[in-house]
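The chain contents come next:
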Amino acid sequence: MISFSKHSKTSAGRGGLVRRTATAFGLALSLGLTTGTAGADPAQDLAVLEKRVNGDPERDDALSYLMVQVTNHEPGTVPEVSWMAGRLGFDRRSNGQAVLPFEYRTMLLREGAAARAQFLGQLMVADLDGDWTITREEMLATLNSGDGRASAELFLRGDTDANLVLDFDEIREVVRASSESRSYGRNWTRVYTLAQLIDFDEDGLLTGDEIGRAWRAAQLRAGR
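As the structure is a computational prediction, the values presented were derived from the model and not from experiment.

*Asks:* What is the right way to read the overall build of the protein from this model?
*Replies:* The helix and strand inventory of the protein stands at 11 helices and 4 strands. The buried share among the 224 residues of the protein stands at 37%. Within the protein, residue pairs in contact and separated by at least 24 positions form 65% of the contacts whose partners lie at least 6 positions apart. Accessible surface, the protein: about 12,700 Å² in total, of which carbon and sulfur atoms supply 52%.

*Asks:* Any chance you could explain helix H4 (residues 57–71) here in plain terms?
*Replies:* The terminal C-alpha atoms of H4, which comprises 15 residues, lie 21 Å apart, in line with the 21 Å expected from a rise of 1.5 Å per residue. For H4, the complete set of buried residues consists of Ala-62, Leu-63, Leu-66, Met-67, Gln-69 and Val-70. End-on view of H4: buried residues confined to an arc of 160 degrees, all on one side of the axis. Two or three places before Glu-58, at the opening of H4, Asp-56 has a side-chain oxygen 2.9 Å from that residue's backbone nitrogen.

*Asks:* Which parts of the structure should I look at to understand helix H7 (residues 136–144)?
*Replies:* Owing to its 3.6 residues per turn, the α-helix brings residues three or four apart onto one side. Among the residues of H7, those classed as buried are Glu-138, Met-139 and Thr-142. Across the axial projection of H7, the buried residues extend over an arc of 100 degrees, all falling on one side. Exposed side chains of H7 directed beyond 90 degrees from the buried face belong to Glu-137 and Asn-144. Buried positions along H7 lie against strand E2 (134–135) and helix H8 (149–158). Remark: Gly-146 follows H7 within two positions and exhibits a positive phi of approximately 90 degrees.

*Asks:* Looking at this model, I keep getting lost on the pattern of salt bridges. Mind explaining?
*Replies:* Opposite charge on two side chains lets them pair, provided their charged atoms get close. For the structure shown, the criterion picks out 8 salt bridges. Of the charged contacts, one joins Arg-149 and Glu-153 as a salt bridge, the two residues approaching to 3.9 Å between their closest N and O atoms. Here Arg-149 pairs with Glu-153, and both are found in helix H8, just 4 residues apart, close to one helical turn. Classification of Arg-149 by relative accessible area gives exposed; the value is 66%. The class for Glu-153 is partly exposed, based on a relative accessible area of 44%. In this structure, Arg-176 engages Glu-173 in a salt bridge whose closest nitrogen and oxygen atoms are separated by 2.4 Å. In this pair, Arg-176 and Glu-173 both sit in helix H9 (residues 168–180), 3 residues apart, roughly one turn of the helix. Arg-176 gets classed as partly exposed once you look at its relative accessible area, which sits at 32%.

*Asks:* Got a minute to help me understand the environment of Ile-198 in this structure?
*Replies:* Along the chain, Ile-198 turns up in helix H10 (residues 186–198). Judged by relative accessible area, which is 1%, Ile-198 ranks as buried. Not counting chain neighbours up to four residues away, the residues in contact with Ile-198 comprise Leu-49, Arg-52, Phe-90, Leu-206, Glu-210, Ile-211 and Ala-214.

*Asks:* How should I be thinking about the nonpolar core in this particular structure?
*Replies:* Across soluble globular proteins, nonpolar side chains have a tendency to be buried as a group. One finds Leu-66, Phe-90, Phe-102, Leu-194, Ile-198 and Ile-211 to be the most contacted residues of the largest nonpolar core, which totals 31 residues. Among the elements of the structure, helix H3 (42–53), H4, helix H5 (81–87), H10 and helix H11 (208–221) are those that each provide at least two residues to this core. With 6 residues, the single largest contributor to this core is H10.

*Asks:* Would you explain the environment of Ala-218 in this entry?
*Replies:* Its location among the elements puts Ala-218 in helix H11. Taking the relative accessible area as the measure of exposure, Ala-218 reaches 2% and is therefore buried.

The rules behind the values
- Residues numbered from 1 in each chain as written.
- Predicted model: local features only at pLDDT ≥ 70, side-chain atom pairs only at ≥ 80, totals over all residues.
- Heavy atoms only, no water.
- Helix = DSSP H or I, 4+ residues; strand = E, 2+ residues; numbered from the N terminus.
- Buried < 20%, exposed > 50% of the residue type's maximum accessible area, 1.4 Å probe, protein only.
- Contact = heavy atoms within 4.5 Å.
- Areas by Shrake-Rupley, 256 points an atom, 1.4 Å probe, with all protein chains shown as cover.
- Expected span 1.5 Å × (residues − 1).
- Arc of directions from axis to C-beta.
- Polar contact = N/O pair within 3.5 Å; in protein donor to acceptor, adjacent residues only side chain to side chain.
- Salt bridge = Lys/Arg side-chain N within 4 Å of Asp/Glu carboxyl O.
- Core = buried A, V, L, I, M, F, W, Y, C linked by side-chain atoms within 4.5 Å.

In C-alpha cells form, the structure reads like this:
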C-alpha cells in the first residue's frame, strides 16, 4: 500500500495543502488504490482464494504463479502496486506501469477483436480494387507479388461455394472462424485466471487494493 500523505506537505499554507492532498487522492483513485488493503484480513482472503481454487488445475496454476512472485520477493514486504501488477502480467502501458483498475472481463473480447483484425488484414491485401470481394485474378496477382501466402490460405478456406470468388459474407465468415480457432498462449490464460481468482468482490475490475490483499494472503500461505 502506498501512502501519499508525505507528498502533501507544502509551504504554501492550508490552501496548498488541501490542493496537494486532493491531487494525491485523485492519483490514488486513478491507480485503483484504496485504504482497504491494510484493514483486510489475510487469513480470510487466503481462505477465499483456496476455496475458489478447489482443485481446478488452471486456478491452481495461477495461484502457484502468484506464490512464485511472493517467494522471490523480500519477506514481509509488499512491493509497489503498479510494479506488482505488471510483474503478474496485468495490462500495462509501454513504460511498464500497470493500468489499474484492470477490466479483465473485456480481455477475451479485446483478444478476439485483435485476432479478427489480424486475419482480416492478411486477407484484404488481396482486395486490390477495394470492393470487399476477392477474385481469383486478384488473388493470383497478390501471390505473384510475393505478399499473398496467408491471403491464399484464407481464400481457399473461405471459398465455400468453390466459385473462386470470395464475397463479403465469405470474408466475414472465414475471418470469424479463423479468429475463434486461434489458440491463446499459456501466459494469457494464466493472467485471465489469476484476475478472476483475486477479484475479491467479483465485479470484473481488478484494483490495487485487491492485488495487495492477494499478495498478503499469498505471503501468509508461504509463511512469510
